[in-house]
Amino acid sequence: MIKLYTWATPNGNKLHIMLEECRLEYEVVPVRLGKREQVSPGFLHINPNAKIPAIVDSDGPAGRPLTLFESGAILIYLAEKTGRFLPQDAEGRYLAIQWVMFQMANTGPMFGQLHHFKSSAPEKLDYAIRRYEDESKRLLGVLETRLGESAWLAGEDYSIADICNWPWCRSWIHTLGYSLADFPRVARWFDAIAAREGVQRGMAVYERLRASAA
């Protein structure tokens, strides 16, 4: 059994989707960020960096429990555990990991900073908003170019590269309030992923967590 420590964020949503796509048995353990549960002693024992998501897999490698944090690392672990959504050939595998790292280092931080300065900062700073908006658009342009070369980010098959980037593109539309009209290939890719049953089940987990915060 996997315990998933999560909340209704794009990073949490990656794992809701992955676990549902893989049909793995798991238990959702809400970590209410608004109530600062991420800095509780119990959660810090699981992730000393005080971030969601994290997992505890009671059936880890060699049958021993495994505690793991950082959503990209967890996606790779689950892909290897199930043999799904990570190419088996070396070139495909590294392409997928490359686009996971792209999300971890780029779209997540930049979209996240844009959200902070647009919606959460105590003072509206036009320079900061413009800076992160421009960089976020540039990153969407990188995805647009890549999706003109192949159907999916890591090649011809859907993979963890797509799973981790999709929730952040969703936040571009549904949280930040922008459009993908200038990025038609990203829009096609986004809609194809949104139509997947596993993604819809993962989104249902996200929405339940979101509703519980109300």
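Definitions and limits used
Residues numbered from 1 in each chain as written. Predicted model: local features only at pLDDT ≥ 70, side-chain atom pairs only at ≥ 80, totals over all residues. Heavy atoms only, no water. Helix = DSSP H or I, 4+ residues; strand = E, 2+ residues; numbered from the N terminus. Buried < 20%, exposed > 50% of the residue type's maximum accessible area, 1.4 Å probe, protein only. Salt bridge = Lys/Arg side-chain N within 4 Å of Asp/Glu carboxyl O. Core = buried A, V, L, I, M, F, W, Y, C linked by side-chain atoms within 4.5 Å. Contact = heavy atoms within 4.5 Å. Pairing = 2+ DSSP bridges. Axes fitted to C-alpha atoms, helices over the stretch in contact; angles between N-to-C directions. Right-handed = clockwise from strand over helix to strand, strands pointing away.

A. How the structure looks around the side chain of Arg 170. The residue Arg 170 is located in helix α6 (residues 160-174) in this model. For Arg 170, a relative accessible area of 13% corresponds to the buried category.

B. Structural context of the pattern of salt bridges. With the rule as written, the count across this model stands at 10 salt bridges. Of the charged contacts, one joins Lys 81 and Asp 57 as a salt bridge, the two residues approaching to 2.8 Å between their closest N and O atoms. Taken together, the residues Lys 81 in helix α3 (residues 71-82) and Asp 57 in strand β3 (residues 54-57) connect sequence positions 24 residues apart. Overall, Lys 81 belongs to the partly exposed group, its relative accessible area being 33%. With relative accessibility at 1%, the residue Asp 57 sits in the buried group. A salt bridge links Arg 185 to Glu 144; the nearest nitrogen and oxygen atoms lie 3.8 Å apart. Taken together, the positions of Arg 185 in helix α7 (residues 184-194) and Glu 144 in helix α5 (residues 126-147) put the pair 41 residues apart, joining distant regions of the chain. Judged by relative accessible area, Glu 144 falls into the buried class, the value being 10%.

C. Quick look at the environment of Thr 67. With respect to the helices, strands and loops of the structure, Thr 67 is situated in strand β4 (residues 66-69). For Thr 67 and Asp 57, which are 10 residues apart along the polypeptide, the C-alpha to C-alpha distance reads 6.4 Å.

D. Focus on unusual backbone geometry. Residue Pro 53 is bonded to the preceding Ile 52 through a cis peptide linkage, with omega at 5 degrees. Mapped onto the secondary structure, Pro 53 falls in the loop between α2 (41-46) and β3. A positive phi is found at Arg 36, a non-glycine position, where the angle reads about 65 degrees. Tracing the sequence through the fold places Arg 36 in the loop between β2 (26-30) and α2. Classification of Arg 36 as exposed rests on a relative accessible area of 51%. Unusually for a residue other than glycine, Ala 50 sits at a positive phi of about 60 degrees. You can see Ala 50 is positioned in the loop between α2 and β3.

E. Here's a closer look at the nonpolar core. Counting residues in each nonpolar core, the largest one holds 69 residues, and the members touching the most others are Met 18, Leu 140, Ile 160, Val 186 and Trp 189. Non-local contacts of Leu 140, meaning those with residues more than four positions away in its chain, are made with Phe 111, Cys 169, Trp 172, Leu 180, Phe 183 and Val 186.

F. Quick peek at the sheet that holds β4. Spatially, the four strands line up as an open sheet ordered β2-β1-β3-β4, and their pairing is mixed. Each edge of the sheet is formed by a strand with only one pairing partner; in this case those strands are β2 and β4. Strand-to-strand twist across the sheet, computed as the mean angle between neighbouring axes with direction ignored, equals 20 degrees. The sheet contact formed by β3 and β4 spans four bridges and is antiparallel. Within the sheet, the bridge partner assigned to Ile 55 lies in β4 and is Leu 68.

G. Highlighting the pairing of strand β1 (residues 2-6). A large share of β1 lies buried, amounting to four of its five residues. Sheet analysis places β1 next to β2, joined by five bridges and oriented parallel. If you follow Tyr 5 over to β2, its bridge partner there is Val 29. For the handedness criterion, the β-α-β arrangement of β1, helix α1 (residues 10-22) and β2 is classed as right-handed.

H. Expanded view of the side chain of Arg 146. With respect to the element layout, Arg 146 can be found in helix α5. By relative accessible area, Arg 146 is classed as buried at 13%. Among residues more than four places away in sequence, those in contact with Arg 146 are Leu 95, Trp 99, Trp 152, Leu 153, Ala 154 and Gly 155.

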